Amino acid sequence: MKRRMNQVVHLLVRRWMVLVAIAMLASFFLVLFAGKGQDVWFDENYSIILAQQPVPELLHLTSVDAHPPLFYLLLKLWGSVFGWSELSLRSMSALLCAVTVGIVALLLRRLFTIRVALVSLPFLALAPFWLRYGYEIRMYALAGMIGAFASYVLIRAVD
């Protein structure tokens, strides 16, 4: 029994990037599912209105906003390419959430081991807070991704 368990663990460790990709896909679709049927609220609508402005006006409006313009510029680009529907705009945030799951898995592998990263994957992909804020058309998913990526880069630089 123990030998069989070690074989399974060894197989999972060898295929850990496949499992990370599955967790990222699961996170993406769970975020979209969580956002299905949710109305666009005031702050999300504000993001959409800003993103639809010409770039100089967008930059001017964000100069009096609490949030920097990067998210609005990305949303403008995303909306221009994929359309301005609610699903399309929510999918950008969902994609950022999925990428963050992958980055955090890489970070955990770097800080600890592949096994720690694998054990953490379900918690990363199914985190209620992440699923809840991941579908909003706001900068939350982008901020999480930037924070995770900055942590990963810092750890790589220190090593």
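Residues numbered from 1 in each chain as written. Predicted model: local features only at pLDDT ≥ 70, side-chain atom pairs only at ≥ 80, totals over all residues. Heavy atoms only, no water.

### Overview of the packing of aromatic side chains
- Within the structure shown, the criterion is met by five aromatic pairs.
- When the ring of Phe28 is compared with that of Phe29, the centres are 5.1 Å apart and the planes differ by 80°; the resulting orientation is edge-to-face.
- A relative accessible area of 18% means that Phe28 is categorised as buried.
- By relative accessible area, which is 51% here, Phe29 ends up exposed. (Phe/Tyr/Trp six-rings, centres within 6.5 Å; stacked < 30°, edge-to-face > 60°. Buried < 20%, exposed > 50% of the residue type's maximum accessible area, 1.4 Å probe, protein only.)

### Some thoughts on the side chain of Lys76
- Turning to its location among the elements, Lys76 is positioned in helix α5 (residues 70-82).
- Within the buried set, Lys76 has no salt-bridge partner at all; the shortest N-O distance to an opposite charge, 11 Å, is to Glu57.
- Filtering out sequence-adjacent residues up to four positions away, Lys76 remains in contact with Ala51, Gln52, Gln53, Pro54, Val55, Leu58 and Trp84. (Helix = DSSP H or I, 4+ residues; strand = E, 2+ residues; numbered from the N terminus. Lys, Arg positive; Asp, Glu negative; His and termini not counted. Salt bridge = Lys/Arg side-chain N within 4 Å of Asp/Glu carboxyl O. Contact = heavy atoms within 4.5 Å.)

### Some details on the pattern of salt bridges
- In the structure shown here, the tally under the stated rule is four salt bridges.
- Glu44 serves as the salt-bridge partner of Arg90, at 2.8 Å between the closest nitrogen and oxygen. Here Arg90, found in helix α6 (residues 86-111), pairs with Glu44, found in helix α3 (residues 42-51); they are 46 residues apart in sequence, far enough to count as distant. For the pair formed by Arg90 and Glu44, the shared burial category is buried.
- Residue Arg110 pairs with Asp159 through a salt bridge whose shortest N-O separation is 3.4 Å. With Arg110 in helix α6 and Asp159 in the segment after α9 (140-158), this pair connects stretches of sequence that are 49 residues apart.
- On the accessibility criterion, Arg110 (34% relative accessible area) is partly exposed.

### Things to note about the nonpolar core
- Judged by nonpolar contacts, the single largest core of 41 residues is most densely connected at Phe71, Leu75, Leu121 and Leu124.
- Put simply, the parts of the chain that give this core at least two residues each are α2 (16-35), α3, α5, α6, α7 (114-125), α8 (128-134) and α9.
- Top contributing element to this core by residue count: α6, with 12 residues.
- Discounting chain neighbours no more than four positions away, the residues touching Leu124 are Val101, Val104, Ala105, Leu108 and Trp130. (Core = buried A, V, L, I, M, F, W, Y, C linked by side-chain atoms within 4.5 Å.)

### What to know about α2
- The first and last C-alpha atoms of α2 sit 29 Å apart over 20 residues, in line with the 28 Å expected at 1.5 Å per residue.
- Of all the positions in α2, only Trp16, Val20, Ala23, Ser27, Phe28, Val31, Leu32 and Gly35 are classed as buried. For α2, the angular spread of buried residues about the axis comes to 165°, placing them on one side. Seen from the open side of α2, the exposed residues pointing more than 90 degrees away from its buried face are Phe29 and Phe33. (Expected span 1.5 Å × (residues − 1). Arc of directions from axis to C-beta.)

Just geometry here; none of it tells us what the structure is for.
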